[in-house]
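Each chain is listed here by its residues.
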Amino acid sequence: MTAAALRDPVPDLLDASIGKATAALLQAQRPDGHWVFELEADCTIPSEYVLLVHYLGEAADPELERKIGVYLRRIQGEHGGWPLFHGGAFDISATVKAYFALKMIGDDIAAPHMVRAREAILARGGAAASNVFTRIQLALYGELSWDAIPTMPPEIILLPRWFPIHLSRMSYWARTVIVPLLVLQTRQPRAVNQHGVHVPELFGPPVKVGPASHQKRAWAAFFGAIDVVLKFADRNRLWPNKLRARALKACLDFVTERLNGEDGLGAIYPAMANSVMMFAELGYAADHPHRAIARQSVENLLVVKDDEAYCQPCVSPIWDTALAAHALLEVGEPQTEAAALAGLDWLVPRQELTVKGDWAERKPDLRPGGWAFQYNNAHYPDLDDTAVVVMALDRAAPLGAKPYAEAIDRGVEWTVGLQSRNGGWGAFDADNSDDYLNNIPFADHGALLDPPTVDVSARCISMLAQRGEPKDSPRMQAALGYILGDQLADGSWFGRWGVNYIYGTWSALCALNAAGLGAEAEPMRRAVTWLETIQNPDGGWGEDCDSYALDYAGHRPAASRASQTAWALLGLMAAGEADSAAVARGIAWLQANQDDHGEWAEEDYTGGGFPRVFYLRYHGYRRYFPLWALARYRNLKTSNSARVPFGM
């Protein structure tokens, strides 16, 4: 396209762009109606997979390991190490794991890529300067003393609910990862490691690991003193044997109850892998049903291609299917509506209506009714997914032959029941906001909690508004008060689960629009101004994962990306800006950057796992979000408002 085309959309080509993107998305639909795209994290998950196989003493698959090696070498950074996201800075913990995995696979430590990685690690204090979970991996292989690991006694699982450090006060992901670790840390097993591969060359002079950058020194000193006492108690065997046995049994029971079949404990890789190692340490044979199914859950996360392979942190079929359905409903053609209905019909039976998960610890009288993020995760349904699914079902209800009313009502009931005291919603629990816990030594990643966030809360507001909730109802007033109170001075909102302020601002603008705030309202105008200000000269929008830095001082330009451009456009259109020059230029950017297959290239990570620690590349985002934005633009420009949903 010409330079002029980058300034203005090409109306004659808009239908063609939408048609190509639609065809690509329809082609990716599974025969049973759902969508699931690859979900890629950094090098740590495939590296941990390699180390897990050798920890257990299993016969490694040479071809699979070769492909994982190809993948790991490809994503190594120019700085010699491995980043947490595409093009990111060196991360010592990720680099230690990748180096160890490559050495385990058989890479020569004298190879240039290994030399560069090793030198970079040693220059930053050596492997002992890694984060807690990397040090645990090293301790399991005997590379590091367990004294270098913060102590978490298994007795924590027996503590009463009122105790300041309690599992229910932690996020779901922390619970499922930590509980099997309590067993491993207590028994301090050693990897089978049949080939005897070790990494002593990664350790320099002893280093003292201080508190993480997010941790307050006073709190860190307090919890550090507790750690000293706990280590003394362990070394001197001061824990009563019966109490310890009872605690270990409670840990085992916790994991077994939540094993979740082939979808795995918590349906996330770290918890799954820890459960496998726990069962192995407790003497469960490889073919014992619990250990075998836990092991299979890990295997199910592999993505094996012709030339390379990696392991996903989890899978995202509910999220992908709901968002793809929204995009196709936006297109509004018979074929796309039929495909969306097939996806929604696949979603309905996956609503959790029977299991009272961990969320019931705080809300025991609430009926289940949510959807998970993964195929199955009965104990841990997700409020974000639930709100998005409910909005899609509500929007499609007039089109479908199957009634969705009961599913919608139960989803709304469950969501409303988990509203936090500050008016917002977290992802999995209500009022999971005990901030002091992020100062315990185990929380050097700063993501031990699941407090309310703007993006999840915005989706819940949108859902309620779409279902007719009055703007002045007490719960809606509390929710809007939370959202409006979290707007930053520059007009943007923080995005917890997507990168980052563009994601949060899109989410908030859609919610405020759905709730009827009005395009001329001051918060909407400030957000529009911010989005217009940060638009790139090429017409797109971009923001990288460094925006999560604790010293963030405002938007820093980044290359335009398809998903972030789509979010900005959807946000602007929700704020009444469909006719603005900024939207026209953004639509033109999407048109100009669409490939011949109807999709958009996007290697960048625009999903959030844990800010500053773990990021995600949703391979579906570049497929359905740009299509959604293009179709929304066409609908608004042709005044076909019936196709425009209330909430997203």
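Cut-off values and rules
Residues numbered from 1 in each chain as written. Predicted model: local features only at pLDDT ≥ 70, side-chain atom pairs only at ≥ 80, totals over all residues. Heavy atoms only, no water. pLDDT = per-residue confidence, 0-100. Contact = heavy atoms within 4.5 Å. Pairing = 2+ DSSP bridges. Helix = DSSP H or I, 4+ residues; strand = E, 2+ residues; numbered from the N terminus. Buried < 20%, exposed > 50% of the residue type's maximum accessible area, 1.4 Å probe, protein only. Polar contact = N/O pair within 3.5 Å; in protein donor to acceptor, adjacent residues only side chain to side chain. Expected span 1.5 Å × (residues − 1). Salt bridge = Lys/Arg side-chain N within 4 Å of Asp/Glu carboxyl O. Lys, Arg positive; Asp, Glu negative; His and termini not counted.

**Notes on the confidence of the model for the chain**
Here is step 1: Chain-level pLDDT for the chain is 93 on average; 96% of the residues reach the 70-or-more range.
Here is step 2: Here residues 1-6 is a poorly scored stretch, pLDDT under 50, and it has 10 contacts once near neighbours within four places are set aside; other chains count.

**Observations concerning the sheet that holds strand S4 (residues 607-610)**
Here is step 1: Read across the open sheet, the three strands follow the order S1-S5-S4; overall the sheet is antiparallel. The sheet is open, and its two edges are formed by strand S1 (39-40) and S4, each paired on a single side.
Here is step 2: Two elements, S4 and strand S5 (residues 614-618), share three bridges in a ladder whose sense is antiparallel. By the bridge assignment, Gly608 is partnered in S5 with Tyr615.

**Brief notes about the environment of Glu65**
Here is step 1: Residue position: Glu65 is located in helix H3 (residues 62-74).
Here is step 2: For Glu65, a relative accessible area of 10% corresponds to the buried category.
Here is step 3: A C-alpha to C-alpha distance of 9.0 Å links Glu65 and Glu308, two positions 243 residues apart in sequence.
Here is step 4: Excluding residues that lie within four positions of it along the chain, Glu65 makes contacts with Val50, His54, Ala60 and Ile105.
Here is step 5: In terms of polar contacts, Glu65 uses its side chain to reach the side chain of His54, at 2.7 Å.

**Here we look at helix H22 (residues 621-637)**
Here is step 1: Here H22 spans 24 Å end to end across 17 residues, near enough to the 24 Å set by a 1.5 Å rise per residue.
Here is step 2: By the criterion of burial, H22 is predominantly enclosed, with 15 of the 17 residues buried.

**Here's the deal with the pattern of salt bridges**
Here is step 1: Evaluated as defined, the whole model comprises 35 salt bridges.
Here is step 2: Between Arg467 and Asp409 there is a salt bridge, and its shortest N-O distance comes to 3.5 Å. Taken together, the positions of Arg467 in the loop between helix H16 (454-466) and helix H17 (474-485) and Asp409 in helix H15 (residues 405-417) put the pair 58 residues apart, joining distant regions of the chain.
Here is step 3: Take Asp409: its relative accessible area is 44%, and that puts it in the partly exposed class.
Here is step 4: When the shortest N-O distance is used, the salt bridge between Asp604 and Arg561 registers 3.2 Å. Within this pair, whereas Asp604 is found in the loop between helix H21 (581-593) and S4, its partner Arg561 is found in the loop between helix H19 (522-534) and helix H20 (562-574), the two being separated by 43 residues in sequence. Judged on exposure class, the residue Asp604 and its partner Arg561 are both buried.
Here is step 5: Among the ionic contacts, a cluster of salt bridges with common partners joins Arg175, Glu257, Arg258, Asp358 and Asp429.

**Looking at the side chain of Asp263**
Here is step 1: Of note, Asp263 is situated in the loop between helix H9 (241-257) and helix H10 (269-281).
Here is step 2: No salt bridge is formed by the buried Asp263; its nearest oppositely charged neighbour, Arg350, is found at 8.7 Å.
Here is step 3: Within the structure, Asp263 has its side chain in polar contact with the side chain of Asn376 (distance 3.0 Å).
Here is step 4: When neighbours within four sequence positions are excluded, Asp263 is seen to be in contact with Met272, Ser297, Tyr375 and Asn376.

**Topic: the pairing of S5**
Here is step 1: Extensive coverage of S5 is indicated by the burial of five of its five residues.
Here is step 2: Residues of S5 alternate between two faces, with Phe614, Leu616 and Tyr618 on one and Tyr615 and Arg617 on the opposite face, all of them buried.
Here is step 3: Two elements, S1 and S5, share two bridges in a ladder whose sense is antiparallel. Following the sheet pairing, Glu40 is matched in S5 by Arg617.
Here is step 4: Two successive antiparallel strands, S4 and S5, enclose a turn made up of three residues, where Arg612 displays a positive phi of approximately 75 degrees.

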